[in-house]
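Summary of structural features
Here is what each chain is made of, one letter per residue.
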Amino acid sequence: MREIAFVKMQGIGNDFVMVDALQHPLGDTDLPTLARAMNDRKFGIGGDGLILLERGDKAAFRMRMFNPDGSESEMCGNGIRCFAKLAHDHGHSDSETIEVETGAGLLKLTLEPDGQVRVDMGLARFKRGEIGMSGSADDQFVDVPLLASVPGLIGTAVSMGNPHLVIFVPDAKAIELERVGPELERYTEFPNRVNAHFVQVLDRSTLLQRTWERGAGATLACGTGACASAAAAWLTGRAESTSRVHLPGGVLQIEIQPDHRVFMTGPAEVVFEGVYEPSTH
């Protein structure tokens, strides 16, 4: 395997290995294997995912995202903000607004004057069939008691193009993520696994969130998860339609419109650039 130019980026601590495949096509590279190697924090670059900037079929650009375990994710909220900055920094777009094709559909991103990126994340969806859950497609999964090793957990399922299970708890910091996270990631009603979020309502416009991401484990932030948590809090009457979601890596501003369309605003930053030379071992 040849050398691969990359940019390491992060959005509120959710870090990614970014590859501009327009400038550096990957050809027939085994992408799951590459993702596992590049995201390895001991023997690779280290990251919560590998993100590729490609030419789209339905828009100018397409984002593909691979988890550290090699599985491909439909979308990544923090990652797509980094994607927008990469496309702009590499001269692929001189517009403040770009449209990106993702596994969750077409998304519109705007680079704000202060360096933040505002993303139209599309609709929050609550039906089982839209989330990819088992059971009746038209039913919702809202404030449902969970069969888990930790008693008393109640979950609400949301799709932001990828599946989320939002669990409201009185103290998010008290949750043993490493113990209960893997269990809920493989919760029986989510055949393709699910991102699990433990959310504490601080007030009606402020949420505190800790996340266990499918294929990645505990992460400092999850953008689509913050959108799902805010949407679940709004749907169940716990919070207003606009809220600030505090994650271990930083804060995201989430706005939910009456039609369930969600907007997310947050930062995207370059950490360093380099060239990855695959191991010969």
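Definitions and limits used
Residues numbered from 1 in each chain as written. Predicted model: local features only at pLDDT ≥ 70, side-chain atom pairs only at ≥ 80, totals over all residues. Heavy atoms only, no water. Salt bridge = Lys/Arg side-chain N within 4 Å of Asp/Glu carboxyl O. Helix = DSSP H or I, 4+ residues; strand = E, 2+ residues; numbered from the N terminus. Buried < 20%, exposed > 50% of the residue type's maximum accessible area, 1.4 Å probe, protein only. Expected span 1.5 Å × (residues − 1). Contact = heavy atoms within 4.5 Å. Polar contact = N/O pair within 3.5 Å; in protein donor to acceptor, adjacent residues only side chain to side chain.

**Digging into the pattern of salt bridges**
Under the counting rule described, the total for this entry stands at 17 salt bridges. Of the charged contacts in the structure, one is a salt bridge between Glu255 and Arg118, with a shortest N-O distance of 3.0 Å. One end of the pair, Glu255, is in strand S16 (residues 250-256); the other, Arg118, is in strand S8 (residues 117-123), with 137 residues separating them in the sequence. Among the salt bridges present, the one from Arg204 reaches Glu240, with a minimum N-O distance of 2.8 Å. Separated by 36 residues along the polypeptide, Arg204 in the loop between strand S12 (195-203) and strand S13 (206-213) and Glu240 in the loop between helix H5 (223-235) and strand S15 (242-247) bring together distant segments of the chain. Residue classification places Arg204 among the partly exposed positions, given a relative accessible area of 40%. Owing to a relative accessible area of 40%, Glu240 belongs among the partly exposed residues under this scheme.

**So, helix H2 (residues 77-89)**
With 13 residues, H2 extends 19 Å between its outermost C-alpha atoms, agreeing within 8% with the 18 Å of an ideal straight helix rising 1.5 Å per residue. Positive backbone phi, approximately 80°, marks Gly91, located one or two places after H2.

**Side note on the side chain of Gln200**
Position of Gln200 among the secondary structure elements: in strand S12. If near-sequence neighbours (up to four positions away) are discounted, Gln200 is found in contact with Val169, Pro170, Asp171, Ala172, Thr206, Leu207 and Leu208.

**Some remarks on the side chain of Asn195**
Within the element layout of this structure, Asn195 appears in strand S12. We classify Asn195 as buried; its relative accessible area is 3%. A polar atom in the side chain of Asn195 sits 3.0 Å from the backbone oxygen of Pro163. Among all residues touching Asn195, those that are not within four sequence positions of it are Asn162, Pro163, His164, Leu165, Trp212, Glu213 and Arg214.

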